[in-house]
Amino acid sequence: MIVIGTVARRDEREQRDIELDELEELARTLGTDVLERSLISLREPHPATFFRSGVVAAFASHLAELGRPAVLCNDQLTPRQQRNLQEEWGVPVLDRTEVILAIFARRAITAEGRVQVEMAQLEHLLPRLAGGWSHLERQRGGLGLRGGPGEKQIEVDRRLIRQQLKRLRERLVVIERQRRTRRTARTNVPLASCALVGYTNAGKSTLLNVLTHSQVLADDLLFATLDPTSRRLELPSGKLVILTDTVGFIQKLPTELVEAFAATLEEVRQAHMLCLVVDASHPDAEQQLLTVLETLRSMECDQPMILALSKVDRLTASEVRAARLRLGDVAGVSALALSATRGTGLRELRQRIDALADQVVPDIKANRPSAASQATPPPSEFRTATG
């Protein structure tokens, strides 16, 4: 596979290079090798092929020399552009959205996750059916009449997809009702809840494992965690809180996924507080933080927030100080430096969660370990989607 990105202005080149790094990482997460990458100057996308005709012709020759690998574009392509490029190049052409959808499809474990991903894939496929068929002549009509007006094959497929989407939405309503029942059972015990949010691969799952002594999958891959998972965390005061690891955000997150995962993201909305985890060692940490903050604003999340800078063991002391100042200014809260692997900052993080828990939930016997352990299910039952 080769990856292609575009840049409109010279001062955007560094940011676009970072996006291509992320696109290569998405390809790696999907299990694909990247042969090479290209960054093309493009002021205005061509309505038919996205790239200018000269670029399209040049890449057709180059792809033939490389053995016709698939092409992954950083920009979102319209169905028409994608179809035309595939015809011109004779290879599969994917955009960023399709790669993210494919990764989500592989990572979905729970019933809810699988339903949500299938919905997103069908929503993405629906406008792309045109041109996918060479047999678009009308089928013969029914009722025993010869040659009567019938449906085009593409119309049949669209109808089938819409019917499947309807069934999936109905299934999702049932699953969400079950989720609300479990959530109500948890809220009957007055435990504060804290959602770990952040960019994908920021270190949220590793932090959950270290704090709660769990073994949630924590891999150095984008979207290693898809389904949210909750665990109990005992704080220095002795209180208990529910700590939830959530799906990571990413730049240009497909609209289809945001809409499909509304139920899963409800876990973030319902949390009493947020712990926003940022990979301080990432060269694009500030933009990643802005992406997460923008997503949280779009979700109308205004809970108290802790800003946790992860992976600071990869930075020098002066770089950590600079990151705390810079990223703290962006988020509007003081930043806490953490290293889950070395244990740096974990005590202070527990103390900050403890202080916020005091503000959002009254301190009574029910949220102490002795009472809460009897009134709440064990950690293994805290996974927030059924499967």
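Note: the structure precedes this text.
Attention in this report is confined to the structure presented alongside it.

Calculation notes
- Residues numbered from 1 in each chain as written.
- Predicted model: local features only at pLDDT ≥ 70, side-chain atom pairs only at ≥ 80, totals over all residues.
- Heavy atoms only, no water.
- Buried < 20%, exposed > 50% of the residue type's maximum accessible area, 1.4 Å probe, protein only.
- Helix = DSSP H or I, 4+ residues; strand = E, 2+ residues; numbered from the N terminus.
- Arc of directions from axis to C-beta.
- Salt bridge = Lys/Arg side-chain N within 4 Å of Asp/Glu carboxyl O.
- Pairing = 2+ DSSP bridges.
- Right-handed = clockwise from strand over helix to strand, strands pointing away.
- Axes fitted to C-alpha atoms, helices over the stretch in contact; angles between N-to-C directions.
- Parallel < 35°, antiparallel > 145°, perpendicular 65-115°, else oblique.
- Left-handed = near helix turned anticlockwise from the far one by under 90°.
- Contact = heavy atoms within 4.5 Å.
- Core = buried A, V, L, I, M, F, W, Y, C linked by side-chain atoms within 4.5 Å.
- Phe/Tyr/Trp six-rings, centres within 6.5 Å; stacked < 30°, edge-to-face > 60°.

1. Considering helix α3 (residues 79–89)
Piece 1. Of the positions making up α3, those classed as buried are Gln81, Gln82, Asn84, Leu85 and Trp89. All buried residues of α3 lie within an arc of 165 degrees about the axis, which places them on one face of the element.
Piece 2. Two residues or fewer after α3 comes glycine 90, characterised by a positive phi angle close to 70 degrees.

2. Examining the pattern of salt bridges
Piece 1. Counted under the stated rule, the structure contains 15 salt bridges.
Piece 2. Residue arginine 37 pairs with aspartate 17 through a salt bridge whose shortest N-O separation is 3.4 Å. Here the residue arginine 37 occupies a position in strand β2 (residues 36–41), and aspartate 17 occupies one in helix α1 (residues 13–29), the gap between them amounting to 20 residues.
Piece 3. Arginine 37 sits in the partly exposed class, given a relative accessible area of 31%.
Piece 4. Between aspartate 354 and lysine 239 there is a salt bridge; the shortest N-O distance is 2.8 Å.

3. With respect to the pairing of strand β1 (residues 2–7)
Piece 1. Counting buried positions along β1 gives six out of six residues, so the element sits mostly inside the fold.
Piece 2. Taking every second residue as pointing to the same face, both faces of β1 are buried, with Ile2, Ile4 and Thr6 on one and Val3, Gly5 and Val7 on the other.
Piece 3. The pairing of β1 with β2 spans six bridges and is parallel. In the strand pairing of β2, valine 7 is matched with serine 41.
Piece 4. In this fold, β1 hands off to α1, which returns the chain to β2; that crossover is right-handed.
Piece 5. Across three bridges, the pairing between β1 and strand β3 (residues 71–73) is parallel. Paired with valine 3 across the two strands is leucine 72, which belongs to β3.

4. Section: the packing of helix α2 (residues 53–65) against α3
Helix packing geometry: the angle between the two helix axes and the distance between the axes.
Piece 1. One can describe the packing of α2 onto α3 by two numbers: an axis separation of 9 Å at closest approach and a directional angle of 50 degrees. By the angle class used here, α2 and α3 are oblique. Where α2 crosses over α3, the handedness of that crossing is right-handed. For the pair α2 and α3, contact is made by Val56, Phe59, Ala60 and Leu63 and by Leu85, Glu88 and Trp89, respectively.

5. Some points on the side chain of glutamine 82
Piece 1. Within the secondary structure, glutamine 82 is located in helix α3.
Piece 2. Since its relative accessible area comes to 7%, glutamine 82 is described here as buried.

6. Quick word on the nonpolar core
Across soluble globular proteins, you tend to see nonpolar side chains buried next to one another.
Piece 1. Core analysis: the biggest nonpolar cluster contains 45 residues, and Leu276, Leu296, Leu307 and Leu309 have the highest contact counts within it.
Piece 2. Broken down by element, the residue count for this core peaks at five residues, all from helix α10 (residues 285–298).
Piece 3. Dropping the residues within four chain positions of it, leucine 276 is found in contact with Val197, Leu289, Val292, Leu293, Leu296, Met305, Ile306, Leu307 and Ala308.
Piece 4. Counting 24 residues, the second-largest nonpolar core is a separate cluster that includes Leu196, Leu208, Ala308 and Ile353.

7. So, the packing of aromatic side chains
Piece 1. One pass over the full model with this rule turns up three aromatic pairs.
Piece 2. Look at phenylalanine 59 and tryptophan 89: their rings are 5.9 Å apart centre to centre, the planes differ by 45 degrees, and that puts the pair in the tilted class. With a gap of 30 residues between them, phenylalanine 59 in helix α2 and tryptophan 89 in helix α3 connect regions that are remote in the sequence. Side by side, phenylalanine 59 and tryptophan 89 carry an identical accessibility label, which is buried.
Piece 3. Clustering of aromatic rings is evident, with ring pairs tying together Phe50, Phe51, Phe59 and Trp89.

8. Thoughts on the sheet that holds strand β8 (residues 273–279)
Piece 1. Ordered in space as β6-β7-β5-β8-β9-β10, the six strands form an open sheet in which the pairing is mixed. Lying at the two open borders of the sheet, with one neighbouring strand each, are β6 (229–234) and β10 (335–337). Taken pair by pair, the neighbouring strands of this sheet meet at an average axis angle of 30 degrees, ignoring direction.
Piece 2. Both β6 and strand β7 (residues 240–245) contribute to a ladder of six bridges, which runs antiparallel. Pairing of arginine 232 across the sheet is with isoleucine 242, part of β7.
Piece 3. With respect to the sheet, α10 is in contact with β5 (192–198), β8 and β9 (305–310), its orientation differing from that of β8 by roughly 155 degrees.

9. So, the environment of valine 55
Piece 1. By secondary structure assignment, the location of valine 55 is in helix α2.
Piece 2. A relative accessible area of 16% places valine 55 in the buried class.
Piece 3. In sequence terms valine 55 and isoleucine 40 are 15 residues apart; their C-alpha atoms lie 8.6 Å from each other.

10. A short note on unusual backbone geometry
Piece 1. The phi angle at phenylalanine 50 is positive, at roughly 70 degrees, despite the residue not being glycine.
Piece 2. Residue position: phenylalanine 50 is located in the loop between β2 and α2.
Piece 3. Looking at phenylalanine 50, the relative accessible area reads 7%, which means it is buried.
Piece 4. Positive phi, close to 60 degrees, is recorded for lysine 311, a residue that is not glycine.
Piece 5. When you line up the elements, lysine 311 lands in the loop between β9 and α11 (317–331).

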